[in-house]
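Observations on chain architecture
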Amino acid sequence: SQTIHQWPATLVQPVGSPLSLECTVEGTSNPNLYWYRQAAGRGLQLLFYSIGIDQISSEVPQNLSASRPQDRQFILSSKKLLLSDSGFYLCAWNRGYSPLHFGNGTRLTVT
Amino acid sequence: AQTVTQSQPEMSVQEAETVTLSCTYDTSESDYYLFWYKQPPSRQMILVIRQEAYKQQNATENRFSVNFQKAAKSFSLKISDSQLGDAAMYFCAFISNFGNEKLTFGTGTRLTIIP
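Residues numbered from 1 in each chain as written. Chains lettered and ligands numbered in written order. Predicted model: local features only at pLDDT ≥ 70, side-chain atom pairs only at ≥ 80, totals over all residues. Heavy atoms only, no water.

1. Some remarks on the sheet that holds strand β7 (residues 64–70) of chain A
Residue and element names in this part refer to chain A. Using the following cut-off: When DSSP finds two or more bridges between two strands, those strands count as paired. In DSSP terms, a helix is any run of H or I states spanning at least four residues, a strand is any run of E spanning at least two, and both are numbered starting from the N terminus. Convention adopted: a line fitted to C-alpha atoms gives each axis, helices being fitted over their contacting stretch, and angles between N-to-C directions are expressed from 0 to 180 degrees.
As summarised here, the arrangement of the four strands in space is β1-β3-β8-β7, forming an open sheet in which the pairing is antiparallel. Every other strand in the sheet has two partners, leaving β1 (3–7) and β7 as the edge strands with one partner each. On average, each strand axis in the sheet is tilted by 15° relative to the strand beside it, whichever way the strands run. Taken together, the six bridges between strand β3 (residues 19–26) and strand β8 (residues 73–78) define a ladder with antiparallel strand orientation. Across the sheet, the residue bridging to Glu22 is Ile75, located in β8.

Encoded structure:
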């Protein structure tokens, strides 16, 4: 069966520090991969999605970036965090047009 | 671009009663998929139910069912015999069967269950 792992679960970082959130999927190949952000009490905002290695689309201009070094690995990064980067980050995967399967999320607090 | 609208930011229902959450969407496509996700306080996103646009029959999963009105572009979720564990944020989502494979979410409805 397929599983998705996302870490860390919580993170507190000072403004200006770098960020690296990691997501891996097991049990499938060539998944579509997604990073979403959710502000407190709000909906989900799509940040990046990838349909293959070296195929990453950015939805919202910001100081975040994403990379896919391996087929089933998706990394969300920032060189310098802003206060506005605080939120709940969710990684997800699917194949084709199947439902998205989500990781457990990372709660990021930028202080 | 597709949009998904959930016009009810908050809803509440008495335990064991039935509640309906509304969702409308806007698309020029004819072939697509619709989903309802549940996000409990743990913030885990859980798929509740899915509907293929080419199917006329409304999807049902135990106490959860949808009322899919394709012409009206409406996709409501009915929860029967509400239970305390149903308390969560509910998100409606859309994905087109053409072009890119991005899932578009509504802004969510927070459902409270009154004991």
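2. Structural notes on the pairing of strand β9 (residues 74–79) of chain B
Residues and elements named next belong to chain B. Spelled out, the test is: Only protein chains enter the accessibility calculation, which uses a 1.4 Å probe; a residue whose area is less than 20% of its type maximum is buried, one above 50% is exposed, and one in between is partly exposed.
Most of β9 is tucked away, with five of its six residues classed as buried. For strand β3 (residues 19–21) and β9, the ladder comprises three bridges, and the chain directions are antiparallel. Residue pairing in the sheet places Thr20 in a bridge with Lys78 of β9. The pairing of strand β8 (residues 64–69) with β9 spans six bridges and is classified as antiparallel. Paired with Ser65 across the strands is Lys78, a residue of β9. Counting the residues that bridge the hairpin from β8 to β9 gives four residues, and of these Lys73 lies at a positive phi of roughly 55°.

3. A few points about the pattern of salt bridges
Residues and elements named next belong to chain A. Defined as follows: Salt bridges are defined by distance alone: a side-chain nitrogen of Lys or Arg within 4 Å of a carboxyl oxygen of Asp or Glu.
Tallied over the full model, the rule gives six salt bridges over all chains. As a salt-bridge pair, Asp85 and Arg37 come within 3.7 Å of each other at their nearest N and O atoms. In this pair, Asp85 sits in the loop between β8 and β9 (87–94) while Arg37 sits in strand β4 (residues 32–38), placing the two residues 48 residues apart along the sequence. Classification of Asp85 as buried rests on a relative accessible area of 2%.

4. Some words on the interface of chain B and chain A
Stated formally: By the convention used here, residues are in contact when the closest approach between their heavy atoms is within 4.5 Å. A 1.4 Å probe defines the accessible area here, and the buried area is the portion of it lost by two parts on being joined, summed over both. Counting of polar contacts relies on pairs of N or O atoms within 3.5 Å, with two restrictions inside protein: one atom must be capable of donating a hydrogen and the other of accepting it, and residues adjacent in sequence are counted only when both atoms are side-chain atoms. The nonpolar class holds Ala, Val, Leu, Ile, Met, Phe, Trp, Tyr, Cys and Pro. Asp, Glu, Lys and Arg form the charged class, and all remaining residues, Gly among them, are polar.
Taken together, the contact pairs 23 residues of chain B with 24 residues of chain A. Summing the contributions of chain B and of chain A, the shared interface buries around 1,900 Å²; its carbon and sulfur component is 54%. Counting the contacts that link chain B with chain A gives zero salt bridges. There are five residue pairs in polar contact (both at pLDDT 80 or more) connecting chain B and chain A. Contributions of two or more residues to the side of chain B that touches chain A are made by β5 (32–39), β6 (46–52) and β10 (88–96) of chain B. Per-element accounting of the side of chain B that touches chain A gives the leading share, four residues, to β5 of chain B. Considered class by class, the residues forming the side of chain B that touches chain A number ten nonpolar, eight polar and five charged.

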